[in-house]
Amino acid sequence: MTLSMDTRLVHPPNPNGDARPFGALTPPLFQTSTFYFDSAEQGGARFAGRESGFIYSRLGNPTTQLLEAAVADLEGAEMGLSFASGMAAISAVLIGLVRAGDHVVVSRGVYGCTYGLLCLLQSKFNVQFTLCDLHDEAAVSRAMRPNTTVVYVETPANPTMELVDLEACANAAHACGARLVVDNTFATPILQRPIEFGADVVVHSATKYLGGHGDVILGLAVGPKSLLDEIRVSPQKDIGGIAAPFDAWLVLRGLKTLSLRMDRHVASAMEIAGRLSRHPAVAAVYYPGLPDYPQRSLYLRQMNGAGGVMSFVVRGGMDAGIRFMNGLELCTRAVSLGETHTLVEHPASMTHSAVPPEARREMGIEDGLIRLSVGLEDVDDIWADLNQSLCSLAL
Ligand code: LCS
């Protein structure tokens with residue numbers, strides 16, 4: 001029977017026949033470091049790969065394996081791996097795919113720590129990278145070099161909400177023998193499935209929507225078994241940034257309501273984006289769901305909804321941005337996104353304050369730019385708080 005995405009969220013695949021002892025409907029938490037062998041021969045057979053079964057939780061655990069299979073299924077991938085954080089997933093994937101002397105094409109506007117990781121790979125291991133505006137296939141092809149082995153893309157981008165054309169990136173990457181890696185954290189597989197557009201590997205910070213409740217840090221990578229096995233046997237096992245079983249269990253629980261939560265995040269974000277764009281204290285709103293969004297046709301081709309995150313610019317620059325943040329009473333001043341609470345951050349005074357103003361503007365981060373992750377509170381309560389703080393700017 002072919003099951004729809006909503007049903008598969010509640011009935012994820014079960015790769016371990018024995019993962020639900022006693023008929024427990026909710027998968028148990030296997031909070032164990034190690035697994036015993038009945039005999040030396042059995043231990044030997046497991047290490048040699050002649051017998052399936054668990055050995056040690058850094059090499060695999062029934063709870064983390066359930067989560068890996070669930071997210072691989074949602075993204076349409078063969079295999080998944082879970083990690084201690086989104087950054088642990090991204091670093092294992094990049095370290096697994098590149099060698100010294102390789103070049104990586106990167107969409108501009110990637111998450112700051114991803115940029116930091118690329119700088120580290122460049123300075124210590126001679127893996128070059130270039131940040132590019134990958135708006136169409138010709139632009140991606142122009143960015144490719146003979147030694148490009150990976151195209152790395154985040155779409156929508158954080159915090160500018162710029163989109164990257166996934167199909168164009170896949171075509172240009174594959175024409176040069178490179179792989180396309182996509183960070184699908186903002187959209188989730190509910191709103192965008194990069195593998196259907198040709199991506200090879202999809203990574204997630206499950207800290208955000210997949211977990212959804214703001215109580216866990218975890219990362220995932222999904223893709224073809226041939227590639228993921230390479231990542232499993234070295235960067236994952238030997239660097240060791242694996243997901244904890246309890247964290248995986250929390251994300252498994254979060255997944256059951258992912259589709260419901262995304263529906264509410266998207267509906268509330270659409271409403272808020274519309275109201276913000278009509279507010280006199282707001283100079284611009286960046287949200288792919290708005291009818292006048294500049295990349296409207298790409299949005300309609302690639303996404304089933306615009307997500308719960310947007311950014312907007314308050315009139316009055318840095319000072320207005322800081323005053324707006326301090327005027328909030330319900331919405332929470334915090335980084336992160338994709339959880340039950342509405343979270344608001346001001347990149348120029350917070351996450352990007354160390355970036356020189358000129359460089360910030362080049363990244364599309366104006367001084368009055370505010371990033372808003374719309375939570376699950378009543379949309380009118382969220383709006384009332386944003387509106388009162390915006391209105392107080394004029395006083
Ligand atoms: N990818 C994206 C798109 C992200 O936004 C983040 C974290 C990561 C990867 C890294 O995931 P983590 O290791 O934290 O699980 N983004 C954050 C943000 O925008 N504010 O705080 C964290």
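Structure: see above.
On to the pattern of salt bridges, then. Considering all chains together, one arrives at 15 salt bridges under this definition. Between Lys237 and Asp238 there is a salt bridge, and its shortest N-O distance comes to 2.8 Å. Overall, Lys237 belongs to the partly exposed group, its relative accessible area being 31%. Measuring nitrogen to oxygen at the nearest pair gives 3.5 Å for the salt bridge that ties Arg323 to Asp319. One end of the pair, Arg323, and the other, Asp319, are both in helix 13 (residues 317-327), four residues apart, so they sit about a helical turn from each other. For Asp319, a relative accessible area of 49% corresponds to the partly exposed category. Each of Glu358, Arg360, Arg361 and Asp367 takes part in a single network of salt bridges with overlapping partners.

In this section: the site of the ligand. In the neighbourhood of the ligand, 17 residues make up the surrounding shell, with Asp183, Ser205, Thr207, Lys208 and Arg371 lying closest. One nitrogen or oxygen atom from the side chain of Ser205 is found 2.8 Å from an oxygen atom belonging to the ligand. In isolation the ligand exposes 480 Å². Once the protein is present, 91% of that is buried. For the shell around the ligand, the element with the highest residue contribution is helix 4 (residues 86-97), accounting for three residues. Here the residues of the shell around the ligand sort into six nonpolar, seven polar and four charged. Residues from two domains meet in the shell around the ligand; each of domain 1 (13-255) and domain 2 (258-392) gives at least three.

This next bit is on the sheet that holds strand 5 (residues 179-183). Taken together, seven strands build an open sheet; the order of strands is 1-7-6-5-4-2-3 and the sheet is mixed. The open sheet terminates on both sides in strands that have one partner only, identified here as strand 1 (79-83) and strand 3 (128-132). Taking each pair of neighbouring strands and ignoring which way they run, the sheet shows an average axis angle of 20 degrees. In this sheet, strand 5 lies alongside strand 4 (residues 148-154) in parallel orientation, the contact comprising five bridges.

With respect to the secondary-structure elements, Ser389 resides in helix 15 (residues 379-393). Within the local environment of Ser389, its side chain forms a polar contact with the backbone oxygen of Phe324, the two atoms lying 2.7 Å apart. Residue contacts for Ser389: discarding those within four places in its chain leaves Arg323, Phe324, Gly327 and Leu328.

Calculation notes
- Residues numbered from 1 in each chain as written.
- Predicted model: local features only at pLDDT ≥ 70, side-chain atom pairs only at ≥ 80, totals over all residues.
- Heavy atoms only, no water.
- Salt bridge = Lys/Arg side-chain N within 4 Å of Asp/Glu carboxyl O.
- Buried < 20%, exposed > 50% of the residue type's maximum accessible area, 1.4 Å probe, protein only.
- Helix = DSSP H or I, 4+ residues; strand = E, 2+ residues; numbered from the N terminus.
- Near = heavy atom within 4 Å.
- Polar contact = N/O pair within 3.5 Å; in protein donor to acceptor, adjacent residues only side chain to side chain.
- Areas by Shrake-Rupley, 256 points an atom, 1.4 Å probe, with all protein chains shown as cover.
- Nonpolar A, V, L, I, M, F, W, Y, C, P; charged D, E, K, R; others polar.
- Domains from an automatic or database assignment.
- Pairing = 2+ DSSP bridges.
- Axes fitted to C-alpha atoms, helices over the stretch in contact; angles between N-to-C directions.
- Contact = heavy atoms within 4.5 Å.

Just geometry here; none of it tells us what the structure is for.
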